[in-house]
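Each chain, letter by letter, is given below.
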Amino acid sequence: MKGKIRLATLADTEALLKIYAPFILDTCISFEYEVPTLVEYRERIAGISSLYPYLLYEENGKILGYTYAHRYLERAAYGWDVEVTIYLAPEGQGRGLGALLYSALEQLLRLQQVRNLYACITGDNAHSINMHRALGYKMIGTFTRAGFKQNRWLDVVWLEKSLTEDEGAPLKLVPFRELPQQSVAAVLQRVNNL
């Protein structure tokens, strides 16, 4: 790879939103109807980044994709579970960037003591479903006609991946901003050297 994975910053908001907007406007991949404003999207990035990794892949000064994790459900017992999200620009697709971004994301989530990853995908998004399966995610269910977009009802499928098989009591979840910076840098360097 010629590019690198790095942490997203608020200065990246416009470029990230440019990648995301077509998934709202032109597809049924995102269930949002309207593109968020720059202010709204900046607030989303800031909120997520305070607790979880928000990563992007940049090549020759252009962002080609990004991934992040966010809280799965609010109840305390779900505190070690996250939902993962990934979006790639057209020129970033089919190059293995999804696997690379997820590798970095998963390594950082392990440092945080996250145990379970969940991916919610539109049922007819075969490319994303296949990518997740290739990365070790297992299909766990379908919500039939869960969303209505572009004049049709759409299923969503849920996939999961466990980061540990340990069945003991979990360790305390570490907010992303509290991870040692040298540990975060080591993960990013390791993945960027692949």
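Below you will find a few notes about this structure.

Scoring rules and cut-offs
Residues numbered from 1 in each chain as written. Predicted model: local features only at pLDDT ≥ 70, side-chain atom pairs only at ≥ 80, totals over all residues. Heavy atoms only, no water. Core = buried A, V, L, I, M, F, W, Y, C linked by side-chain atoms within 4.5 Å. Buried < 20%, exposed > 50% of the residue type's maximum accessible area, 1.4 Å probe, protein only. Helix = DSSP H or I, 4+ residues; strand = E, 2+ residues; numbered from the N terminus. Contact = heavy atoms within 4.5 Å. Patch = residues over 30% accessible without salt bridge, like charges linked within 9 Å, V, L, I, M, F, W, Y side chains within 5 Å. Areas by Shrake-Rupley, 256 points an atom, 1.4 Å probe, with all protein chains shown as cover. Salt bridge = Lys/Arg side-chain N within 4 Å of Asp/Glu carboxyl O.

## What about the nonpolar core?
Right, on to step 1. One finds Ile5, Leu16, Tyr54, Tyr66, Val84 and Leu109 to be the most contacted residues of the largest nonpolar core, which totals 51 residues.
Right, on to step 2. Per-element accounting of this core gives the leading share, eight residues, to helix H3 (residues 97-112).
Right, on to step 3. Ignoring any residue separated from it by four or fewer positions in sequence, one finds Val84 in contact with Tyr68, Ala69, Tyr102, Leu105, Leu109, Leu117, Tyr118, Ala119 and Tyr137.

## A look at a nonpolar patch on the surface
Right, on to step 1. On the surface, Tyr33, Phe148 and Trp153 cluster together into a nonpolar patch covering about 370 Å² of accessible area.
Right, on to step 2. Looking at where Tyr33 falls in the secondary structure, it is placed in the loop between helix H1 (13-25) and helix H2 (38-51).

## A few points about the pattern of salt bridges
Right, on to step 1. The full count for this structure, using the stated rule, is seven salt bridges.
Right, on to step 2. We note a salt bridge from Asp12 to Arg6, for which the minimum N-O separation is 2.8 Å. Across this residue pair, the class does not change: Asp12 and Arg6 are buried.
Right, on to step 3. For Glu32, the salt bridge is made with Arg44, and the minimal N-O distance between the two is 2.8 Å. Of the two residues, Glu32 is situated in the loop between H1 and H2 and Arg44 in helix H2; the sequence distance between them amounts to twelve residues.

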